[in-house]
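# An overview of the molecular structure
Residues per chain, in single letters:
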Amino acid sequence: MDRNILKSKDIILLLLIIVLTITLVLVSSLTNGIVIFDNLSKAINKQILYQTITLLGTGVFLFVLWWFKRPEFLEYFRKGNISAKIIPEPIVGIKPKETENWFHFGRNIAIIISIVTAIIIYFQIVRESEISFENIISILPFSIAFALSNSFVEESITRLGVVIVLKDRLKNKTIPIVSALIFGTVHYWGNPGGLSGVIVAGFLGWFLAKSILETKGIFWAYLIHFLQDVIILSVLLTM
(Lines give C-alpha, C1' and ligand atoms only; values in the text may rest on other atoms or scores of the structure.)
Protein backbone atom coordinates (compact mmCIF):
# COMPACT_ATOMS: atom_id res chain seq x y z
CA MET A 1 0.00 0.00 0.00
CA ASP A 2 1.14 3.55 -0.68
CA ARG A 3 0.82 4.59 2.94
CA ASN A 4 1.58 8.25 3.70
CA ILE A 5 1.51 9.15 -0.01
CA LEU A 6 -1.38 11.34 -1.10
CA LYS A 7 -2.05 10.86 -4.79
CA SER A 8 -3.59 13.55 -6.97
CA LYS A 9 -6.93 11.72 -6.82
CA ASP A 10 -6.86 11.80 -3.02
CA ILE A 11 -6.01 15.50 -2.94
CA ILE A 12 -8.84 16.32 -5.34
CA LEU A 13 -11.31 14.30 -3.26
CA LEU A 14 -10.10 15.96 -0.05
CA LEU A 15 -10.53 19.38 -1.65
CA LEU A 16 -14.02 18.31 -2.72
CA ILE A 17 -14.82 17.48 0.90
CA ILE A 18 -13.62 20.92 2.02
CA VAL A 19 -15.63 22.65 -0.72
CA LEU A 20 -18.76 20.66 0.14
CA THR A 21 -18.35 21.46 3.83
CA ILE A 22 -18.13 25.19 3.06
CA THR A 23 -21.07 24.80 0.67
CA LEU A 24 -23.21 23.49 3.53
CA VAL A 25 -22.70 26.81 5.30
CA LEU A 26 -23.49 28.78 2.14
CA VAL A 27 -26.63 26.77 1.36
CA SER A 28 -27.79 27.26 4.94
CA SER A 29 -27.42 31.02 4.52
CA LEU A 30 -29.03 31.15 1.07
CA THR A 31 -32.12 29.22 2.20
CA ASN A 32 -32.94 31.75 4.93
CA GLY A 33 -36.35 33.33 4.47
CA ILE A 34 -37.49 31.15 1.56
CA VAL A 35 -41.08 29.98 2.10
CA ILE A 36 -42.39 26.91 0.29
CA PHE A 37 -45.30 26.01 2.59
CA ASP A 38 -47.26 28.96 3.96
CA ASN A 39 -48.67 26.96 6.85
CA LEU A 40 -45.21 26.21 8.24
CA SER A 41 -42.75 28.51 9.96
CA LYS A 42 -39.81 30.08 8.13
CA ALA A 43 -37.42 27.92 10.15
CA ILE A 44 -39.13 24.70 9.07
CA ASN A 45 -39.36 25.88 5.45
CA LYS A 46 -35.64 26.62 5.51
CA GLN A 47 -34.83 23.14 6.81
CA ILE A 48 -37.06 21.42 4.25
CA LEU A 49 -35.23 23.17 1.43
CA TYR A 50 -31.77 22.91 3.00
CA GLN A 51 -32.07 19.21 3.83
CA THR A 52 -33.42 18.39 0.36
CA ILE A 53 -30.55 20.17 -1.41
CA THR A 54 -27.83 18.76 0.84
CA LEU A 55 -29.21 15.22 0.73
CA LEU A 56 -29.16 15.27 -3.07
CA GLY A 57 -25.60 16.62 -3.04
CA THR A 58 -24.54 13.99 -0.52
CA GLY A 59 -25.99 11.24 -2.70
CA VAL A 60 -23.83 12.43 -5.60
CA PHE A 61 -20.79 12.69 -3.31
CA LEU A 62 -21.26 9.12 -2.01
CA PHE A 63 -21.49 7.88 -5.59
CA VAL A 64 -18.19 9.63 -6.36
CA LEU A 65 -16.57 7.96 -3.33
CA TRP A 66 -17.95 4.59 -4.37
CA TRP A 67 -16.64 5.07 -7.90
CA PHE A 68 -13.11 6.21 -7.05
CA LYS A 69 -12.48 4.52 -3.66
CA ARG A 70 -14.66 1.44 -3.87
CA PRO A 71 -12.73 -0.93 -1.54
CA GLU A 72 -12.55 1.69 1.22
CA PHE A 73 -16.16 2.72 0.64
CA LEU A 74 -17.43 -0.84 1.01
CA GLU A 75 -15.26 -1.34 4.09
CA TYR A 76 -16.62 1.64 6.04
CA PHE A 77 -20.07 2.48 4.65
CA ARG A 78 -21.89 0.07 6.94
CA LYS A 79 -22.96 -0.38 10.56
CA GLY A 80 -19.64 -1.87 11.65
CA ASN A 81 -18.77 -3.62 14.92
CA ILE A 82 -20.29 -1.39 17.61
CA SER A 83 -18.41 -3.33 20.32
CA ALA A 84 -15.00 -3.21 18.65
CA LYS A 85 -11.85 -2.60 20.67
CA ILE A 86 -11.16 1.06 21.34
CA ILE A 87 -7.60 2.33 21.11
CA PRO A 88 -6.65 4.29 24.26
CA GLU A 89 -6.09 8.05 24.06
CA PRO A 90 -5.09 8.98 27.64
CA ILE A 91 -4.56 12.66 26.77
CA VAL A 92 -8.33 13.09 26.28
CA GLY A 93 -9.38 10.65 28.99
CA ILE A 94 -9.94 7.57 26.82
CA LYS A 95 -8.40 4.93 29.06
CA PRO A 96 -10.55 1.82 28.61
CA LYS A 97 -10.50 -1.05 31.08
CA GLU A 98 -10.01 -4.57 29.76
CA THR A 99 -13.77 -5.11 29.75
CA GLU A 100 -14.59 -1.83 27.99
CA ASN A 101 -14.96 -1.32 24.25
CA TRP A 102 -16.66 0.98 21.75
CA PHE A 103 -20.08 0.07 23.07
CA HIS A 104 -19.24 1.53 26.47
CA PHE A 105 -17.40 4.63 25.21
CA GLY A 106 -19.86 5.30 22.40
CA ARG A 107 -22.74 5.22 24.88
CA ASN A 108 -20.92 7.38 27.43
CA ILE A 109 -19.77 9.99 24.92
CA ALA A 110 -23.30 10.15 23.45
CA ILE A 111 -24.59 11.13 26.90
CA ILE A 112 -21.74 13.50 27.81
CA ILE A 113 -21.62 15.35 24.49
CA SER A 114 -25.41 15.68 24.47
CA ILE A 115 -25.32 17.30 27.90
CA VAL A 116 -22.48 19.64 26.87
CA THR A 117 -24.31 20.59 23.68
CA ALA A 118 -27.50 21.29 25.60
CA ILE A 119 -25.64 23.51 28.09
CA ILE A 120 -23.92 25.52 25.34
CA ILE A 121 -27.18 25.92 23.39
CA TYR A 122 -28.93 27.02 26.56
CA PHE A 123 -26.43 29.78 27.34
CA GLN A 124 -26.03 30.87 23.69
CA ILE A 125 -29.71 30.85 22.69
CA VAL A 126 -32.34 29.60 25.14
CA ARG A 127 -31.50 31.78 28.14
CA GLU A 128 -32.05 35.01 26.20
CA SER A 129 -35.16 33.88 24.34
CA GLU A 130 -38.72 32.94 25.20
CA ILE A 131 -38.46 29.30 24.15
CA SER A 132 -40.53 27.00 26.36
CA PHE A 133 -40.37 23.25 26.91
CA GLU A 134 -43.85 22.94 25.40
CA ASN A 135 -42.64 24.63 22.20
CA ILE A 136 -39.75 22.19 21.94
CA ILE A 137 -42.00 19.15 22.42
CA SER A 138 -44.47 20.36 19.79
CA ILE A 139 -41.70 20.77 17.21
CA LEU A 140 -39.94 17.49 18.06
CA PRO A 141 -41.22 15.43 15.07
CA PHE A 142 -39.70 17.97 12.68
CA SER A 143 -36.49 18.09 14.75
CA ILE A 144 -36.08 14.32 14.57
CA ALA A 145 -36.75 14.16 10.82
CA PHE A 146 -34.32 16.96 10.04
CA ALA A 147 -31.72 15.56 12.45
CA LEU A 148 -31.82 12.21 10.66
CA SER A 149 -31.06 13.96 7.39
CA ASN A 150 -28.55 16.52 8.68
CA SER A 151 -26.46 14.04 10.64
CA PHE A 152 -26.31 11.71 7.64
CA VAL A 153 -25.21 14.56 5.36
CA GLU A 154 -22.50 15.89 7.66
CA GLU A 155 -21.21 12.47 8.69
CA SER A 156 -21.05 11.32 5.07
CA ILE A 157 -19.03 14.35 4.00
CA THR A 158 -16.87 15.42 6.93
CA ARG A 159 -16.34 12.06 8.60
CA LEU A 160 -16.91 9.08 6.32
CA GLY A 161 -15.54 10.97 3.33
CA VAL A 162 -12.34 11.92 5.16
CA VAL A 163 -11.79 8.37 6.39
CA ILE A 164 -12.38 6.81 2.97
CA VAL A 165 -10.15 9.28 1.13
CA LEU A 166 -7.25 9.24 3.61
CA LYS A 167 -7.29 5.61 4.73
CA ASP A 168 -3.87 4.05 4.04
CA ARG A 169 -2.64 7.45 2.86
CA LEU A 170 -2.19 8.99 6.32
CA LYS A 171 -1.73 7.33 9.69
CA ASN A 172 -4.92 6.32 11.50
CA LYS A 173 -4.09 8.76 14.30
CA THR A 174 -3.83 11.63 11.83
CA ILE A 175 -7.07 11.05 9.91
CA PRO A 176 -9.40 12.04 12.80
CA ILE A 177 -7.40 15.25 13.28
CA VAL A 178 -8.08 16.21 9.65
CA SER A 179 -11.80 15.58 10.19
CA ALA A 180 -11.71 17.64 13.39
CA LEU A 181 -10.10 20.59 11.62
CA ILE A 182 -12.62 20.58 8.77
CA PHE A 183 -15.69 20.05 10.97
CA GLY A 184 -14.58 22.29 13.80
CA THR A 185 -13.59 25.29 11.68
CA VAL A 186 -16.93 25.71 9.90
CA HIS A 187 -18.77 25.53 13.21
CA TYR A 188 -17.42 28.94 14.14
CA TRP A 189 -20.41 30.17 12.08
CA GLY A 190 -22.70 27.34 13.18
CA ASN A 191 -24.83 26.34 16.16
CA PRO A 192 -23.32 26.13 18.68
CA GLY A 193 -20.96 28.75 17.27
CA GLY A 194 -17.96 30.81 18.21
CA LEU A 195 -14.89 29.40 19.92
CA SER A 196 -16.91 27.06 22.13
CA GLY A 197 -18.65 25.69 19.04
CA VAL A 198 -15.31 25.11 17.31
CA ILE A 199 -13.94 23.22 20.34
CA VAL A 200 -17.00 21.01 20.82
CA ALA A 201 -17.42 20.34 17.08
CA GLY A 202 -13.67 19.74 16.68
CA PHE A 203 -13.59 17.17 19.45
CA LEU A 204 -16.75 15.55 18.12
CA GLY A 205 -15.24 15.42 14.63
CA TRP A 206 -12.09 13.77 15.97
CA PHE A 207 -13.94 11.25 18.13
CA LEU A 208 -16.47 10.23 15.48
CA ALA A 209 -13.80 9.77 12.81
CA LYS A 210 -11.92 7.60 15.31
CA SER A 211 -15.11 5.57 15.82
CA ILE A 212 -15.49 4.93 12.09
CA LEU A 213 -11.87 3.83 11.74
CA GLU A 214 -11.92 1.47 14.71
CA THR A 215 -15.40 -0.02 14.31
CA LYS A 216 -15.21 -0.02 10.50
CA GLY A 217 -18.67 1.46 10.34
CA ILE A 218 -20.76 4.59 10.83
CA PHE A 219 -23.12 3.49 13.63
CA TRP A 220 -21.65 5.48 16.52
CA ALA A 221 -20.78 8.49 14.38
CA TYR A 222 -24.30 8.70 12.98
CA LEU A 223 -26.09 8.05 16.28
CA ILE A 224 -24.07 10.52 18.36
CA HIS A 225 -24.33 13.24 15.71
CA PHE A 226 -28.06 12.61 15.38
CA LEU A 227 -28.59 13.16 19.11
CA GLN A 228 -26.75 16.49 18.99
CA ASP A 229 -28.79 17.63 16.00
CA VAL A 230 -32.07 16.79 17.73
CA ILE A 231 -31.06 19.06 20.62
CA ILE A 232 -29.87 21.90 18.38
CA LEU A 233 -32.74 21.77 15.87
CA SER A 234 -35.37 21.52 18.61
CA VAL A 235 -34.25 24.95 19.76
CA LEU A 236 -33.61 26.56 16.36
CA LEU A 237 -37.01 25.50 14.98
CA THR A 238 -38.86 27.22 17.83
CA MET A 239 -37.21 30.60 17.27
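Scroll up to find the structure.
Attention here is on the structure that accompanies the text.

Reading the values: the criteria
Residues numbered from 1 in each chain as written. Predicted model: local features only at pLDDT ≥ 70, side-chain atom pairs only at ≥ 80, totals over all residues. Heavy atoms only, no water. Helix = DSSP H or I, 4+ residues; strand = E, 2+ residues; numbered from the N terminus. Rg over C-alpha atoms; globule rule 2.2 N^0.38 Å. Buried < 20%, exposed > 50% of the residue type's maximum accessible area, 1.4 Å probe, protein only. Areas by Shrake-Rupley, 256 points an atom, 1.4 Å probe, with all protein chains shown as cover. Lys, Arg positive; Asp, Glu negative; His and termini not counted. Charge placed at Lys NZ, Arg CZ, Asp CG, Glu CD. Core = buried A, V, L, I, M, F, W, Y, C linked by side-chain atoms within 4.5 Å. Contact = heavy atoms within 4.5 Å. Patch = residues over 30% accessible without salt bridge, like charges linked within 9 Å, V, L, I, M, F, W, Y side chains within 5 Å. Salt bridge = Lys/Arg side-chain N within 4 Å of Asp/Glu carboxyl O. Phe/Tyr/Trp six-rings, centres within 6.5 Å; stacked < 30°, edge-to-face > 60°. Lys NZ or Arg CZ within 6 Å of the ring centre and 35° of its normal. Expected span 1.5 Å × (residues − 1). Axes fitted to C-alpha atoms, helices over the stretch in contact; angles between N-to-C directions. Parallel < 35°, antiparallel > 145°, perpendicular 65-115°, else oblique. Left-handed = near helix turned anticlockwise from the far one by under 90°.

## Focus on the overall build of the protein
Scanning the protein from terminus to terminus reveals 8 helices and 0 strands. Sequence-ordered secondary structure for the protein, helices as α and strands as β, is α-α-α-α-α-α-α-α. Its C-alpha atoms give the protein a radius of gyration of 18 Å, within 12% of the compact-globule value 18 Å for 239 residues. Principal-axis analysis of the C-alpha atoms places the extent of the protein at approximately 55 × 40 × 30 Å. Looking at the protein as a whole, 46% of its 239 residues qualify as buried. Element-wise, carbon and sulfur atoms account for 69% of the exposed surface of the protein, whose accessible area totals about 12,200 Å². Computed over 21 positive and 16 negative side-chain charges, the inter-centroid distance for the protein is 8 Å.

## Looking at the nonpolar core
Judged by nonpolar contacts, the single largest core of 44 residues is most densely connected at Leu 166, Phe 207 and Ile 224. For this core, the secondary-structure elements that each account for two or more residues are α1 (8-30), α2 (42-68), α3 (70-76), α4 (102-124), α5 (133-166), α6 (175-186), α7 (194-215) and α8 (219-236). Excluding anything up to four places from it in sequence, Ile 224 contacts Gly 106, Ile 109, Ala 110, Leu 204, Phe 207 and Leu 208. Grouped together as the second largest cluster of nonpolar side chains are 9 residues, Ile 44, Ala 147, Phe 226 and Val 230 included.

## So, a nonpolar patch on the surface
A contiguous nonpolar surface patch, about 620 Å² in accessible area, is contributed by Leu 6, Ile 11, Leu 15, Ile 18, Ile 22, Leu 26 and Leu 30. Relative to the elements of secondary structure, Ile 18 occurs in helix α1. A residue is classified by how much of its surface remains accessible, and Ile 18, at 32% relative accessible area, is partly exposed.

## Some points on the pattern of salt bridges
Within this structure, the stated rule accounts for 7 salt bridges. Two residues, Lys 173 and Glu 89, come together in a salt bridge whose shortest N-O distance is 2.9 Å. Taken together, the positions of Lys 173 in the loop between α5 and α6 and Glu 89 in the loop between α3 and α4 put the pair 84 residues apart, joining distant regions of the chain. Residues participating in the shared-partner salt-bridge network are Glu 89, Lys 173, Lys 210 and Glu 214.

## Structural notes on the packing of aromatic side chains
The tally for this structure, following the rule as stated, stands at 13 aromatic pairs. Joined through ring pairs, the aromatic side chains of Trp 102, Phe 203, Trp 206 and Phe 207 make up one cluster. Between Arg 70 and the ring centre of Trp 66, over which it is positioned, the NZ or CZ distance is 3.7 Å. Over the face of the ring belonging to Phe 183 we find Arg 159, whose NZ or CZ atom lies 4.2 Å from the ring centre.

## Topic: α1
Given a rise of 1.5 Å per residue, 23 residues ought to cover 33 Å, and the 32 Å separating the end C-alpha atoms of α1 matches this to within 8%. Every buried residue of α1 is listed here: Asp 10, Leu 13, Leu 14, Ile 17, Thr 21, Leu 24 and Val 27. Considering only its buried residues, α1 is in contact with α2, α5 and α6.

## Describing unusual backbone geometry
Residues other than glycine seldom take positive phi values, yet Asp 168 does so here, at roughly 65°. A positive phi angle is found at Lys 216, which is not glycine, with a value near 55°. Looking at the secondary structure, you find Lys 216 in the loop between α7 and α8.

## Looking at the packing of α4 against α8
The contact between α4 and α8 brings their axes to 10 Å, and the two run at 20°. On the basis of the axis angle, α4 is roughly parallel to α8. Every pair of crossing elements has a handedness; the one defined by α4 and α8 is right-handed. Within the contact between the two elements, α4 uses Trp 102, Phe 103, Gly 106, Arg 107, Ile 109, Ala 110, Ile 113, Ser 114, Thr 117, Ala 118 and Ile 121 and α8 uses Trp 220, Ile 224, Leu 227, Gln 228, Ile 231, Ile 232 and Val 235.

## A closer look at the environment of Val 116
Topologically, Val 116 is positioned in helix α4. With relative accessibility at 31%, the residue Val 116 sits in the partly exposed group. Spatially, the C-alpha atom of Val 116 lies 21 Å from that of Asn 135, the residues being 19 residues apart in sequence.

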